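# Working through the structure, step by step
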Amino acid sequence: MRATAKPSWGGRFASKMRGESGMSTAEYALGTLAAVAFAGVLMKVLTSGPVESALRALIERALS
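Residues numbered from 1 in each chain as written. Predicted model: local features only at pLDDT ≥ 70, side-chain atom pairs only at ≥ 80, totals over all residues. Heavy atoms only, no water.

## A look at the pattern of salt bridges
On inspection of all chains with the given rule, the structure shows one salt bridge. Notably, a salt bridge pairs Glu-52 with Arg-56, separated by 3.2 Å at the nearest N-O pair. Taken together, the residues Glu-52 and Arg-56, both in helix 3 (residues 49-63) and four residues apart, mark about one turn of the helix. What makes Glu-52 partly exposed here is its relative accessible area of 34%. Exposure remark for Arg-56: the relative accessible area of 48% places this residue in the partly exposed category. (Salt bridge = Lys/Arg side-chain N within 4 Å of Asp/Glu carboxyl O. Helix = DSSP H or I, 4+ residues; strand = E, 2+ residues; numbered from the N terminus. Buried < 20%, exposed > 50% of the residue type's maximum accessible area, 1.4 Å probe, protein only.)

The following block contains the structure:
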């Protein structure tokens with residue numbers, strides 16, 4: 001009878017991860033929606049008066 005080789009750590013890890021092959025379409029949609037919402041909030045904050053003037057002053061100070 002032939003002895004079977006014990007799978008390596010990487011092989012065991014890969015075999016456990018095969019059950020979750022990736023995100024479903026609904027998860028992609030929610031992830032995309034969350035990213036767009038975050039980008040919208042970030043854009044609103046960065047273009048507000050006080051933040052925009054602070055960023056402009058910071059950039060001018062860095063370039064001079």
